[in-house]
Amino acid sequence: MSESSVARGIELDGLPGWLEPVRVAAERVLPEQLSRFLPPVEGGRPAAVLMLFGEGPDGPDLLLIERARSLRSHAGQPSFPGGALDPEDGDPKGPGPIAAALREAEEETGLDPAGVQVFAELPRLYIPVSRFVVTPVLGWWREESPVHPVDEGETGAVFRVPIAELADPANRVRLRQPSGLLGPAFEVAGRLVWGFTAGVIDRVLHHSGLELPWDQSRVVDLPDDALALVQGDPEHSRVLPGTDAGTS
């Protein structure tokens, strides 16, 4: 492990064997294999999300949240915990994304960051509409702690989704957004996981070899309730990892 990895807080020892393909993929994947929209040389709004892998009663899983429906941006949408970097998080090109991802996850779900082992970062991704430069931070929930919506005005729900359910071809669809763009989505936990979060999950499953063959001709439209929440959202991206626009 490089000195820069140590300085950022990345630790590789003690990971469960099933996470090794994810770790290897995260180290090897190129930015253009995730999205064709790469961060600008200068500018953009640094942000980070926590892709937290745990091991629940139904096997390996991911921690997700549902944004409160009262929010102005991304209302009601399942997502990773995360948000914009604060000045106290540190250098956006250094330890800042890890600090921000853990801080935001604690603020949103109440998890204890001390129990999270960060083992990788994915390349930074760019969301042109909002100008966010997002670093997905990958963590292993080594010592679990109770989680719940800390502020119901910000977080509507906190839930875990087994990796097996995300990889199950029966739960996979392509979502057609109002703009006409198609992107990956997952029908899991009684919810439709789509957008940026689904795009990252899709690419991680693919590059780590956890993806199973699925019917990509199965297309669904954004449900009316989700569409109503998205309309009027000025920061909702129309260009996301895994969308046709990002891979063409």
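Shown above is the structure to which this text applies.
What you see is a predicted model; the values in this text were computed from it and never measured.

Participant: Explain the nonpolar core here, please?
Facilitator: It is characteristic of soluble globular proteins that their nonpolar side chains tend to be buried jointly. Membership of the largest hydrophobic core comes to 35 residues, with the highest contact counts inside it found for M51, F53, F119, L138, L166 and I201. Considering every element that reaches this core, the biggest residue donor is helix 5 (residues 195-207), with six residues. Counting 18 residues, the second-largest nonpolar core is a separate cluster that includes I10, A48, L50 and A105.

Participant: Any chance you could explain the sheet that holds strand 12 (residues 219-221) here in plain terms?
Facilitator: Sheet strands line up and pair through hydrogen bonds in the backbone, either parallel or antiparallel. With mixed pairing, the four strands of this open sheet are ordered in space as 11-10-9-12. A strand with exactly one partner marks an edge of an open sheet, and here the two such strands are strand 11 (191-193) and strand 12. If you compare each strand with its neighbour and ignore which way they point, the axes differ by 45° on average. In the sheet, strand 9 (residues 172-176) pairs with strand 10 (residues 182-188) via five bridges, with the strands oriented antiparallel. Note that in strand 10 the partner of L175 across the bridge is G183. Of the strands in this sheet, strand 9, strand 10 and strand 11 are in contact with helix 5, which crosses strand 10 at around 90°.

Participant: Help me understand the packing of aromatic side chains in this model?
Facilitator: Aromatic rings in a pair are described by how distant their centres are and how their planes are angled relative to each other. Under the defined criterion, the tally for this structure stands at three aromatic pairs. On the numbers, 5.8 Å between centres and 80° between planes, the contact of W18 with W140 is edge-to-face. Of the two residues, W18 sits in the loop between helix 1 (3-8) and helix 2 (20-28) while W140 sits in strand 7 (residues 132-141), which places them 122 residues apart along the sequence. The exposure class of W140 is buried, given its relative accessible area of 10%. Each member of the aromatic cluster is reached from another via a ring pair, and the members are W18, F53, F119 and W140. Between R45 and the ring centre of F132, over which it is positioned, the NZ or CZ distance is 4.2 Å. For the cation-ring pair, R191 lies above F159, with the distance from its terminal atom to the ring centre recorded as 4.1 Å.

Participant: Teacher, can you tell me more about the pattern of salt bridges here?
Facilitator: Once the charged atoms of two side chains with opposite charge are near each other, the side chains can pair. Applying the stated criterion across every chain yields a total of 16 salt bridges. Across the salt bridge formed by R142 and E11, the nearest N and O atoms sit 3.6 Å from each other. With R142 in the loop between strand 7 and strand 8 (155-162) and E11 in the loop between helix 1 and helix 2, this residue pair connects regions lying 131 residues apart in the sequence. On the basis of relative accessible area, E11 is assigned to the partly exposed category, the value being 33%. Put simply, E104 and R103 hold a salt bridge, and the shortest N to O gap is 3.3 Å. Both residues of the pair, E104 and R103, count as buried.

Participant: Even after reading the chapter, I still don't get the side chain of T109, so can you show me in this structure?
Facilitator: Mapped onto the elements of the fold, T109 is located in helix 3 (residues 96-109). There is a polar contact of 2.7 Å between the side chain of T109 and the backbone oxygen of A105. Not counting chain neighbours up to four residues away, the residues in contact with T109 comprise I65, P81, P146, V147, H148, V150 and V158.

Participant: Where do I start with the pairing of strand 7 in this structure?
Facilitator: Successive side chains on a regular strand alternate, one facing one side of the sheet and the next facing the other. Along strand 7, 10 of the 10 residues are buried, which leaves the element largely enclosed by surrounding structure. Judged by which residues are buried, strand 7 turns out to be covered on both faces: F132, V134, P136, L138 and W140 on one side and V133, T135, V137, G139 and W141 on the other are all buried. Looking at chain direction, strand 1 (residues 45-56) and strand 7 are connected through nine bridges and run parallel. Bridged to L50 within strand 7 is V137. Pairing of strand 5 (residues 116-121) with strand 7 involves five bridges; the strand directions are antiparallel. Residue pairing across strands places E121 opposite V137, the latter belonging to strand 7.

What counts as what
- The residue count restarts for each chain, going from 1 along the sequence in the order it is written.
- Restriction of local features to residues with pLDDT of at least 70 applies here, the model being predicted, together with a cutoff of 80 or more for giving and counting side-chain atom pairs; totals for whole chains, interfaces and linings are based on all residues.
- Side-chain measures were taken over the full set of non-hydrogen atoms in the model, leaving aside hydrogen atoms and water.
- Side-chain atoms within 4.5 Å are what join buried Ala, Val, Leu, Ile, Met, Phe, Trp, Tyr and Cys residues into a set we call a nonpolar core.
- Per-residue accessibility, obtained with a 1.4 Å probe over protein chains only, is compared with the maximum for each type, and a residue is labelled buried under 20%, exposed over 50%, and partly exposed between these values.
- Strands here mean DSSP runs of E at least two residues long; helices mean DSSP runs of H or I at least four residues long; both are numbered from the N terminus.
- Any two strands with at least two DSSP-identified bridges between them are counted as paired.
- Fitted lines through C-alpha atoms give the axes, limited to the stretch in contact for helices. The angle between two N-to-C directions lies from 0 to 180 degrees.
- By the convention used here, residues are in contact when the closest approach between their heavy atoms is within 4.5 Å.
- Side-chain rings of Phe, Tyr and Trp, where Trp is taken by its six-membered ring, are said to pair if the distance between their centres is within 6.5 Å; with planes under 30 degrees apart they count as stacked, over 60 as edge-to-face, and otherwise as tilted.
- Here, a charge over a ring means that NZ of Lys or CZ of Arg falls within 6 Å of the ring centre while also lying within 35 degrees of the ring normal.
- Put simply, a salt bridge is a Lys or Arg side-chain nitrogen that is within 4 Å of an Asp or Glu carboxyl oxygen.
- Identification of polar contacts relies on pairs of N or O atoms within 3.5 Å, with a donor-acceptor requirement for protein atoms, meaning one able to donate a hydrogen and the other able to accept it, and with residues adjacent in sequence counted only if both atoms are side-chain atoms.

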